[in-house]
Amino acid sequence: MSILVSKLFQANMENFEFVFSKTACVKTCIYFAVMYLAVMIFNTMIISRYKLINLLTAVKKNEKVRIKNAILSIMIFIISCIILGYCYYKVTIDVRTLNTAEKTMHIILMGILGTFLVFWSLSGFVLKMIQTSKSIYLKGTNMFVLRQINNKINTTVISMTLICLMLFMTISILSSSLALRNTMEKNLLETTPVDLNLNKKANLPEKVINSRGKEVTYSEEVREDSKLPISETLINNGFDMKLLKDVIEINIYEDINITWEKSLGAYLHEAKAIFPMLQYNTCEEILKISDYNKIAELYGIEKYELAEDEYIVLCDYESMKSIRNEAIKREEIKIEISGKTYKPKYRECKNGYVEMTGNHMNVGIILVPDSCILTEDMEKEKFLAANYNAITEEKRNNIQEMFESTNSALIQTLNNRGIEIDENSKITIIQSSVGLATIITFIAIYLGIIFLIASSAILALKQLTESSDNRQRYIILRKIGCDEKMINSALFKQIGIFFMLPLIIGIIHSIFGIQFVIEMMSGLASKKDLLPSVIVTVIVMTVIYGAYFMATYLGSKNIIKEDA
């Protein structure tokens, strides 16, 4: 499994090692032994309650169907469909309201209840409905097959519910995790176009309150440095700029009067209801169009043009993009900078970004014309993008260590002077993103396959046991004139129904469940990458689930075979 996941991400395996845990192995053996012992004890207790005559005649008896009233069963089926329909609605159309674990758990429990009621109600009225159609009920061995399905109905309802939920988990987990892998791999190529990003805060005040609530005092030297471009700061602290190439430096601005509240206009109240945790007083980042186009040309992404009274909103983070688009569509939101009013060029956000990340995470940048008056006190950040001026991987790593290693002369000099420069490199982003995605995908694939094998094994063992218990009934079929082809057909139909019914309902659940997972992983996984993931999941399901089905059929066929 570890090798499979590493191949999926083309990970560098030099820093990884596979470990076999002896402690985990011993614990696993102990836990299985405890489970087997518990089963033996409970089975002994159950069998001891029965009389010998009941044990001898058990194969001739069916369990009592607790729901005999077809009308009541239909009503319960309708109720279960309403419950599941409500759950489907909440996890797709109304998913934004599921913003707490308690609300999500409530929907999960309702989904489990709805699934149980579906199987419970089906067991009560399907047989009666088919019995009304004599042409179907009396055709071939259908009567025998339906009676066999109705046999052991009480335990089947519970096991079918559990198996359906496990198959649902398998499909959702595998599809979502593979979509995550596809999206992250594609995004890494798109969002890491250069080797290095550097930024530092501009126009630092003498004192500021940091995120921890503590007061930080900056020296005059640091405050003066915050006004300089990053390249000058590097040169002043002993760094050779010849080690970098394709260097682009820009200023990022903000206006305290232009916040998310202002940008969302009349849609603000609805946005707060859907996303109550967002900080709507956050100032928007503002860039001059020429500065952005320099970065866009270096990154190889789309460049834009603006008239003197227009602005563009750049955003590629899906959740925030949907909010901004809805706001812009509803009204023409105008902004005012330095006494001049600007209108949106487009009634939607455009794709673009400045800082490299592992995914499309830009929540918003406002592009304004070069003629827009952005004063020095509006400067929020100094930004630099560049490539390493190196051919070999060793030299590239050496340059990167100058910005990352605490032992490098550059970092030590900057720290001693109290100057902070944030570094973001292509290598670091890829390593951290692949590491996170590998862990998630490994766990997801592991759990998905475990659930698939467990559900298939439970169905297989149950059907093999049923075939062994009902062997005498197949002998009776032969005595009344059924040939082997009809008997095998009846067996195939019975096993097929038991395997397909939980799978069909599990697939229906997963159609909505996958959408919910993708929405929760917005920015990490994309719906566009679902199709190849679903195809792979179908192949895995077909191979494993189909193999168990065929093995069960062939095993059951061998069990009921008449002795020579």
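Residues numbered from 1 in each chain as written. Predicted model: local features only at pLDDT ≥ 70, side-chain atom pairs only at ≥ 80, totals over all residues. Heavy atoms only, no water.

Some remarks on the side chain of Ser 467
Among the secondary structure elements, Ser 467 is positioned in helix α17 (residues 426-469). Here the side chain of Ser 467 touches Ser 556 through a polar contact of 3.0 Å, side chain to side chain. Apart from the residues within four sequence positions on either side, Ser 467 is in contact with Leu 491, Ser 556, Ile 559 and Ile 560. (Helix = DSSP H or I, 4+ residues; strand = E, 2+ residues; numbered from the N terminus. Polar contact = N/O pair within 3.5 Å; in protein donor to acceptor, adjacent residues only side chain to side chain. Contact = heavy atoms within 4.5 Å.)

Structural notes on the nonpolar core
If you look at the biggest cluster of nonpolar residues, it comprises 38 residues, and the most contacted ones within it are Leu 167, Leu 459, Tyr 474 and Tyr 545. Of all the secondary-structure elements, those providing two or more residues to this core are α4 (70-91), α5 (101-131), α7 (142-150), α8 (153-191), α17, α18 (471-479), α19 (484-520) and α20 (530-559). Ranked by the residues each element gives to this core, the list is headed by α19, at 10 residues. Judged by nonpolar contacts, the second largest core, of 27 residues, contains Ala 271, Tyr 311, Met 320 and Ile 335. (Core = buried A, V, L, I, M, F, W, Y, C linked by side-chain atoms within 4.5 Å. Buried < 20%, exposed > 50% of the residue type's maximum accessible area, 1.4 Å probe, protein only.)

Some thoughts on a nonpolar patch on the surface
Taken together, Val 26, Ile 30, Tyr 31, Phe 32, Val 34, Met 35 and Tyr 36 make up a surface patch of nonpolar side chains, about 760 Å² in accessible area. With respect to the helices, strands and loops of the structure, Ile 30 is situated in helix α2 (residues 22-48). What makes Ile 30 partly exposed here is its relative accessible area of 46%. (Patch = residues over 30% accessible without salt bridge, like charges linked within 9 Å, V, L, I, M, F, W, Y side chains within 5 Å. Areas by Shrake-Rupley, 256 points an atom, 1.4 Å probe, with all protein chains shown as cover. Salt bridge = Lys/Arg side-chain N within 4 Å of Asp/Glu carboxyl O.)

Some thoughts on empty space enclosed by the protein
Considering all chains together, one arrives at 4 cavities of 30 Å³ or more under this definition. Considering only enclosed or pocket space, the largest cavity measures out at about 70 Å³ in volume. Around the largest cavity sit Ser 263, Leu 264, Tyr 311, Val 313, Arg 324, Ile 328, Ile 333, Ile 335 and Ile 366, which together line it. Mapped by element, the contributors of at least two residues to the lining of the largest cavity are α11 (260-264), β6 (310-314) and α14 (318-330). The residue makeup of the lining of the largest cavity, split by class, is 7 nonpolar, 1 polar and 1 charged. (1 Å grid on protein atoms, 1.4 Å probe; cavity = no way out; pocket = protein on both sides within 12 Å on 5 of 7 lines; lining within 4 Å. Points joined across faces, edges and corners; volume = space filled by probe spheres on them. Nonpolar A, V, L, I, M, F, W, Y, C, P; charged D, E, K, R; others polar.)

Description of the packing of α19 against α20
The contact between α19 and α20 brings their axes to 11 Å, and the two run at 160°. As summarised for this structure, α19 and α20 are arranged roughly antiparallel, according to the angle between their axes. α19 and α20 meet at a crossing whose hand is right-handed. When α19 is examined against α20, the residues Asn 488, Leu 491, Phe 492, Ile 495, Gly 496, Phe 499, Pro 502, Leu 503, Ile 514 and Ile 518 are found in contact with a partner set consisting of Leu 530, Met 541, Tyr 545, Tyr 548, Phe 549, Thr 552, Tyr 553, Ser 556 and Lys 557. (Axes fitted to C-alpha atoms, helices over the stretch in contact; angles between N-to-C directions. Parallel < 35°, antiparallel > 145°, perpendicular 65-115°, else oblique. Left-handed = near helix turned anticlockwise from the far one by under 90°.)

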